[in-house]
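Fold and geometry: a report
In case you want the letters, here they are:
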Amino acid sequence: MTYLIHGATGAQGSPVVASLLASGAAVTAAVRDPSAYEGGGAPVAVDLMSVASLAAAYAGVDGVFVHLPVGDAAQQLAHARTIVAAVEQARPARVVVSTSGYPTEGDGAAESPVGVLTAGLRATGASVAVAAPRLFLENLLLPPVAAGVEQEGVLRYPIRDDYAVSWSSHLDVADVVARLLQDGSVTGVVGVGALPGLVGSDLAAGFAAASGTSVRFEAQDVDEFGRVIEPLFGSAGADPVVASYRWRATLPSELIDPATSAQQRLGLSPRTVEQWLKDLRA
């Protein structure tokens, strides 16, 4: 069985490649520049703006993993439509999508790039499964966030102390995606993340347990968070992030549905914060 993995050099795609290779599956890594690819599997060049490029890469594979790269809404919408057209043309039997934490329900979700992508893929007749995480634990490793933990023992993040989230890691998403690629019997949405949700003190406790030091959580002002991440992402990249945390401030919590969770549908539970940090260091 051969699976094509988009973003094979990135945060989500790379651990999917590793998980599939560990299971003995054959992997094709969809990348922009095959000559620069140093990961596992056979690389193939793809252009997310070219239906012909993607259709050629999808032809003959048993499954495709796709997630939209970071970009503005117009770019992501164009990529979504190109991917759908390529799947329609090449007809791979199985497609697994990660929402990358973008909402799939609620006002405007159907017209969003992820909404257009998932609806369009289902309309092709392909077997489609959607891995739907919420917030990624890797966000807590951003340099300004990690510095507070290492230098002060303070985990600062722009959510309320009582804001419960179904946090998950890229490693957890990879476990779910690899299973969904190889088990076509599961379709529809599969939520990825902790149940019950984790609040700030839970995150801090995980960091403390992994490091053997004292760590406490501190809710950070959203605008202050925007100022410290802008040097990393630029204003164009930071502004949508800041807007997303302002939106989160209006919500009671951010939890996956237990009925459609990976725990229920696949028997897969996400790592604890402590175990995730230990796995990263292994």
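Described in the following lines is the structure provided in the data block. (Residues numbered from 1 in each chain as written. Predicted model: local features only at pLDDT ≥ 70, side-chain atom pairs only at ≥ 80, totals over all residues. Heavy atoms only, no water.)

Some points on unusual backbone geometry
Note the following rule: Note on conventions: DSSP H or I runs of at least 4 residues are helices, E runs of at least 2 residues are strands, and numbering of each starts at the N terminus. Each residue gets one of three labels from its accessible area relative to the maximum for its type: buried under 20%, exposed over 50%, partly exposed in between, using a 1.4 Å probe on protein chains only.
With an omega of -5°, the peptide bond running from L195 to P196 counts as cis. For P196, the location among the structural elements is in the loop between β9 (188–192) and α7 (200–211). Here R91, not a glycine, exhibits a phi torsion of approximately 60°, which is positive. Position of R91 among the secondary structure elements: in the loop between α3 (73–90) and β5 (94–98). Phi is positive for S100, which is not a glycine, with a value near 60°. Structurally, the position occupied by S100 is in the loop between β5 and α4 (113–123). The class for S100 is buried, based on a relative accessible area of 18%.

Section: the environment of G7
Relative to the helices and strands, G7 is located in the loop between β1 (2–6) and α1 (13–22). Along the primary structure G7 and A29 are separated by 22 residues, whereas in three dimensions their C-alpha atoms are 7.6 Å apart.

With respect to the sheet that holds β5
Threshold: Strands pair, by our definition, only if DSSP identifies at least two bridges between them. Fitted lines through C-alpha atoms give the axes, limited to the stretch in contact for helices. The angle between two N-to-C directions lies from 0 to 180 degrees. Pairs of residues are marked as contacts when any of their non-hydrogen atoms sit within 4.5 Å.
Read from one edge of the open sheet, 7 strands run β3-β2-β1-β4-β5-β6-β9, paired in parallel fashion. Both edges of this open sheet fall to β3 (42–45) and β9, since each of them pairs with a single strand only. If you compare each strand with its neighbour and ignore which way they point, the axes differ by 20° on average. In this structure, strand β6 (residues 127–133) lies alongside β9, joined through 5 bridges in parallel fashion. Looking at the pairing, A131 lines up with V190 of β9. Each of β1, β3 and β4 (63–66) touches helix α2 (residues 51–58); the most contacted strand, β1, lies at about 150° to it.

Observations regarding the pattern of salt bridges
Two side chains that carry opposite charge are able to pair once their charged atoms sit near each other. Short version of the rule: Throughout this description, the term salt bridge denotes a Lys or Arg side-chain nitrogen within 4 Å of a carboxyl oxygen of Asp or Glu.
Evaluated as defined, the whole model comprises 12 salt bridges. We note a salt bridge from E218 to R156, for which the minimum N-O separation is 3.0 Å. One end of the pair, E218, is in strand β10 (residues 216–219); the other, R156, is in strand β7 (residues 154–157), and 62 residues separate them in sequence. Residue E218 is classed as partly exposed on the basis of its relative accessible area of 27%. Residue classification places R156 among the partly exposed positions, given a relative accessible area of 23%. R271 is the salt-bridge partner of D175, the closest N and O atoms lying 3.0 Å from each other.

With respect to the packing of α7 against helix α10 (residues 273–281)
The angle between the axes and the distance between the axes are what describe a pair of packed helices. Going by this rule: Here the angle decides the label: under 35 degrees means roughly parallel, over 145 means roughly antiparallel, 65 to 115 means roughly perpendicular, and every other value means oblique. By the definition used in this description, the sense in which the near helix is turned from the far one sets the handedness, with an anticlockwise turn below a right angle giving left-handed and a clockwise turn giving right-handed. We call Asp, Glu, Lys and Arg charged. Ala, Val, Leu, Ile, Met, Phe, Trp, Tyr, Cys and Pro are nonpolar, and the rest, Gly among them, are polar.
Between α7 and α10, whose axes approach to 7 Å, the crossing angle comes to 45°. One finds that α7 runs oblique with respect to α10. Crossing of α7 against α10: the hand is right-handed. Contacts between α7 and α10 involve L203, G206, F207, A209 and A210 from the first element and V273, E274, W276, L277 and R281 from the second. Residue composition of the contact of α7 with α10, grouped by class: 7 nonpolar, 1 polar and 2 charged.

Re the packing of aromatic side chains
Note the cut-off: Aromatic pairing here means that ring centres of Phe, Tyr or Trp (its six-membered ring) are within 6.5 Å. Orientation follows from the plane angle: under 30 degrees is stacked, over 60 is edge-to-face, and everything else is tilted.
Using the criterion set out here, one finds 5 aromatic pairs in the structure. A centroid spacing of 5.5 Å and a plane angle of 65° characterise the contact between Y157 and F225, whose relative ring orientation is edge-to-face. Of this pair, Y157 sits in strand β7 while F225 sits in helix α8 (residues 222–248), and the two are 68 residues apart along the sequence. Accessibility expressed as a relative area gives 1% for Y157, which makes it buried. Residue classification places F225 among the buried positions, given a relative accessible area of 1%. Between the aromatic rings of F207 and W276, the centroid separation amounts to 6.3 Å while the plane-to-plane angle is 75°, which identifies the pairing as edge-to-face. One end of the pair, F207, is in helix α7; the other, W276, is in helix α10, with 69 residues separating them in the sequence.

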